[in-house]
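Residue-level structure breakdown
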Amino acid sequence: AKNVNVGGALDVTGATNLDSTLDVTGDTSVSTFDSSAATSLATAGGVVNLASSGAITTVKGTLNVDEATTLSSTLDVTGATTLNNTLNGIGAVDFGSTLNVDNNTTIGGDLTVSGATSFTGAQTITDTTQSTSTTTGALTVAGGVGVAKNVNVGGALDVTGATNLDSTLDVT
(Lines give C-alpha, C1' and ligand atoms only; values in the text may rest on other atoms or scores of the structure.)
Protein backbone atom coordinates (compact mmCIF):
# COMPACT_ATOMS: atom_id res chain seq x y z
CA ALA A 1 0.00 0.00 0.00
CA LYS A 2 1.24 3.41 -0.90
CA ASN A 3 0.25 6.87 0.29
CA VAL A 4 -1.44 9.35 -2.01
CA ASN A 5 -1.10 13.06 -1.35
CA VAL A 6 -3.51 15.42 -3.09
CA GLY A 7 -2.53 19.10 -3.13
CA GLY A 8 -5.97 20.39 -4.24
CA ALA A 9 -9.55 19.20 -4.16
CA LEU A 10 -10.30 15.50 -4.43
CA ASP A 11 -13.60 14.84 -6.16
CA VAL A 12 -14.89 11.28 -6.10
CA THR A 13 -17.97 10.25 -8.07
CA GLY A 14 -19.57 7.06 -6.85
CA ALA A 15 -19.22 5.02 -3.69
CA THR A 16 -15.94 5.17 -1.82
CA ASN A 17 -14.82 2.58 0.70
CA LEU A 18 -12.07 3.21 3.22
CA ASP A 19 -10.62 0.17 4.97
CA SER A 20 -8.94 2.20 7.69
CA THR A 21 -9.19 5.52 9.52
CA LEU A 22 -10.25 8.75 7.83
CA ASP A 23 -8.69 11.74 9.60
CA VAL A 24 -9.95 15.16 8.55
CA THR A 25 -8.38 18.41 9.71
CA GLY A 26 -10.45 21.54 9.21
CA ASP A 27 -14.13 22.14 8.53
CA THR A 28 -15.92 19.32 6.74
CA SER A 29 -19.39 19.15 5.22
CA VAL A 30 -21.06 15.80 4.67
CA SER A 31 -24.56 15.44 3.20
CA THR A 32 -25.04 11.80 4.28
CA PHE A 33 -22.87 10.01 6.84
CA ASP A 34 -23.20 6.27 7.40
CA SER A 35 -20.92 4.40 9.74
CA SER A 36 -21.08 0.70 10.56
CA ALA A 37 -18.52 0.93 13.38
CA ALA A 38 -17.63 3.28 16.22
CA THR A 39 -17.26 6.86 15.02
CA SER A 40 -15.75 9.80 16.88
CA LEU A 41 -16.38 13.41 15.95
CA ALA A 42 -14.32 16.37 17.16
CA THR A 43 -11.99 14.27 19.30
CA ALA A 44 -9.65 17.27 19.62
CA GLY A 45 -12.39 19.32 21.27
CA GLY A 46 -13.95 21.05 18.28
CA VAL A 47 -17.63 21.85 17.82
CA VAL A 48 -19.86 19.38 15.98
CA ASN A 49 -22.92 20.84 14.26
CA LEU A 50 -25.47 18.33 13.04
CA ALA A 51 -27.92 19.55 10.38
CA SER A 52 -28.96 23.11 9.85
CA SER A 53 -31.75 25.04 11.52
CA GLY A 54 -35.10 23.36 10.92
CA ALA A 55 -33.59 20.17 9.47
CA ILE A 56 -34.09 16.75 11.02
CA THR A 57 -31.16 14.64 12.21
CA THR A 58 -31.91 10.94 12.67
CA VAL A 59 -29.83 8.64 14.85
CA LYS A 60 -30.53 4.97 14.18
CA GLY A 61 -29.60 3.04 17.28
CA THR A 62 -28.50 4.35 20.65
CA LEU A 63 -27.27 7.92 21.12
CA ASN A 64 -24.82 7.94 24.02
CA VAL A 65 -23.84 11.35 25.42
CA ASP A 66 -21.06 11.16 28.03
CA GLU A 67 -21.06 14.76 29.24
CA ALA A 68 -23.47 17.61 29.97
CA THR A 69 -25.74 18.49 27.06
CA THR A 70 -27.52 21.76 26.40
CA LEU A 71 -30.64 21.84 24.27
CA SER A 72 -31.53 25.30 22.99
CA SER A 73 -35.10 24.34 22.17
CA THR A 74 -37.73 21.68 22.94
CA LEU A 75 -36.86 18.05 23.63
CA ASP A 76 -39.69 16.00 22.17
CA VAL A 77 -39.59 12.32 23.10
CA THR A 78 -41.96 9.83 21.49
CA GLY A 79 -42.19 6.55 23.38
CA ALA A 80 -41.27 5.41 26.85
CA THR A 81 -38.37 7.23 28.49
CA THR A 82 -36.24 6.13 31.43
CA LEU A 83 -34.15 8.55 33.46
CA ASN A 84 -31.52 6.79 35.57
CA ASN A 85 -30.72 9.77 37.74
CA THR A 86 -32.14 13.13 38.84
CA LEU A 87 -34.47 15.20 36.65
CA ASN A 88 -34.08 18.87 37.51
CA GLY A 89 -36.66 21.20 36.03
CA ILE A 90 -35.80 24.89 36.21
CA GLY A 91 -39.01 26.68 35.38
CA ALA A 92 -42.29 25.01 34.49
CA VAL A 93 -42.25 21.29 33.68
CA ASP A 94 -45.35 20.04 31.91
CA PHE A 95 -46.40 16.38 31.79
CA GLY A 96 -49.23 15.80 29.33
CA SER A 97 -50.06 12.41 30.80
CA THR A 98 -49.39 10.30 33.89
CA LEU A 99 -46.22 10.85 35.93
CA ASN A 100 -45.20 7.65 37.71
CA VAL A 101 -42.66 7.92 40.53
CA ASP A 102 -41.46 4.59 41.95
CA ASN A 103 -39.53 5.89 44.97
CA ASN A 104 -39.56 8.78 47.44
CA THR A 105 -40.19 12.24 46.04
CA THR A 106 -39.20 15.57 47.57
CA ILE A 107 -40.90 18.80 46.55
CA GLY A 108 -39.06 21.88 47.79
CA GLY A 109 -41.88 24.39 47.31
CA ASP A 110 -45.65 24.55 47.29
CA LEU A 111 -47.59 21.80 45.53
CA THR A 112 -50.82 22.77 43.80
CA VAL A 113 -53.06 19.98 42.54
CA SER A 114 -56.05 20.75 40.35
CA GLY A 115 -58.31 17.73 40.35
CA ALA A 116 -59.22 14.90 42.68
CA THR A 117 -56.34 13.33 44.60
CA SER A 118 -56.16 9.86 46.14
CA PHE A 119 -53.66 8.51 48.63
CA THR A 120 -53.35 4.77 49.28
CA GLY A 121 -51.12 4.82 52.38
CA ALA A 122 -51.30 6.59 55.74
CA GLN A 123 -50.53 10.32 55.48
CA THR A 124 -48.61 12.35 58.05
CA ILE A 125 -48.57 16.13 58.29
CA THR A 126 -45.61 17.22 60.42
CA ASP A 127 -46.45 20.93 60.60
CA THR A 128 -47.41 21.92 64.19
CA THR A 129 -49.32 25.14 63.48
CA GLN A 130 -52.07 25.58 66.11
CA SER A 131 -55.64 26.09 64.89
CA THR A 132 -57.47 29.16 66.21
CA SER A 133 -60.22 29.33 63.55
CA THR A 134 -61.60 27.45 60.55
CA THR A 135 -58.91 28.98 58.33
CA THR A 136 -55.81 28.31 60.45
CA GLY A 137 -53.84 25.23 61.46
CA ALA A 138 -51.57 22.63 59.91
CA LEU A 139 -54.46 21.37 57.73
CA THR A 140 -57.32 23.57 56.55
CA VAL A 141 -60.15 22.33 54.36
CA ALA A 142 -62.41 24.76 52.49
CA GLY A 143 -65.25 22.26 51.98
CA GLY A 144 -66.87 19.59 54.11
CA VAL A 145 -65.03 16.59 55.48
CA GLY A 146 -66.32 13.03 55.31
CA VAL A 147 -64.65 10.55 57.65
CA ALA A 148 -65.47 6.83 57.41
CA LYS A 149 -63.72 5.76 60.63
CA ASN A 150 -62.95 7.08 64.14
CA VAL A 151 -61.63 10.58 64.77
CA ASN A 152 -59.31 11.20 67.71
CA VAL A 153 -58.73 14.78 68.83
CA GLY A 154 -55.72 15.44 71.08
CA GLY A 155 -56.70 19.01 71.95
CA ALA A 156 -59.93 20.93 72.42
CA LEU A 157 -62.86 20.36 70.07
CA ASP A 158 -64.53 23.65 69.15
CA VAL A 159 -67.73 23.41 67.12
CA THR A 160 -69.16 26.70 65.84
CA GLY A 161 -72.31 25.42 64.11
CA ALA A 162 -75.13 23.10 65.14
CA THR A 163 -74.10 19.60 66.23
CA ASN A 164 -76.08 16.47 65.43
CA LEU A 165 -75.33 13.17 67.16
CA ASP A 166 -76.91 10.04 65.67
CA SER A 167 -75.90 7.86 68.61
CA THR A 168 -75.22 8.02 72.36
CA LEU A 169 -73.00 10.78 73.78
CA ASP A 170 -70.79 9.43 76.58
CA VAL A 171 -69.19 12.10 78.75
CA THR A 172 -66.42 11.06 81.15
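Residues numbered from 1 in each chain as written. Predicted model: local features only at pLDDT ≥ 70, side-chain atom pairs only at ≥ 80, totals over all residues. Heavy atoms only, no water.

A count of helical and extended segments in the chain gives zero helices and zero strands. At 32 Å, the chain has a C-alpha radius of gyration far larger than the 16 Å of a compact globule built from 172 residues. In terms of principal-axis extent, the alpha carbons of the chain reach across some 105 × 25 × 25 Å. Per-residue burial over the chain gives 0% buried out of 172 residues. About 18,100 Å² of surface is accessible on the chain, with carbon and sulfur atoms providing 47% of the total. (Helix = DSSP H or I, 4+ residues; strand = E, 2+ residues; numbered from the N terminus. Rg over C-alpha atoms; globule rule 2.2 N^0.38 Å. Buried < 20%, exposed > 50% of the residue type's maximum accessible area, 1.4 Å probe, protein only. Areas by Shrake-Rupley, 256 points an atom, 1.4 Å probe, with all protein chains shown as cover.)

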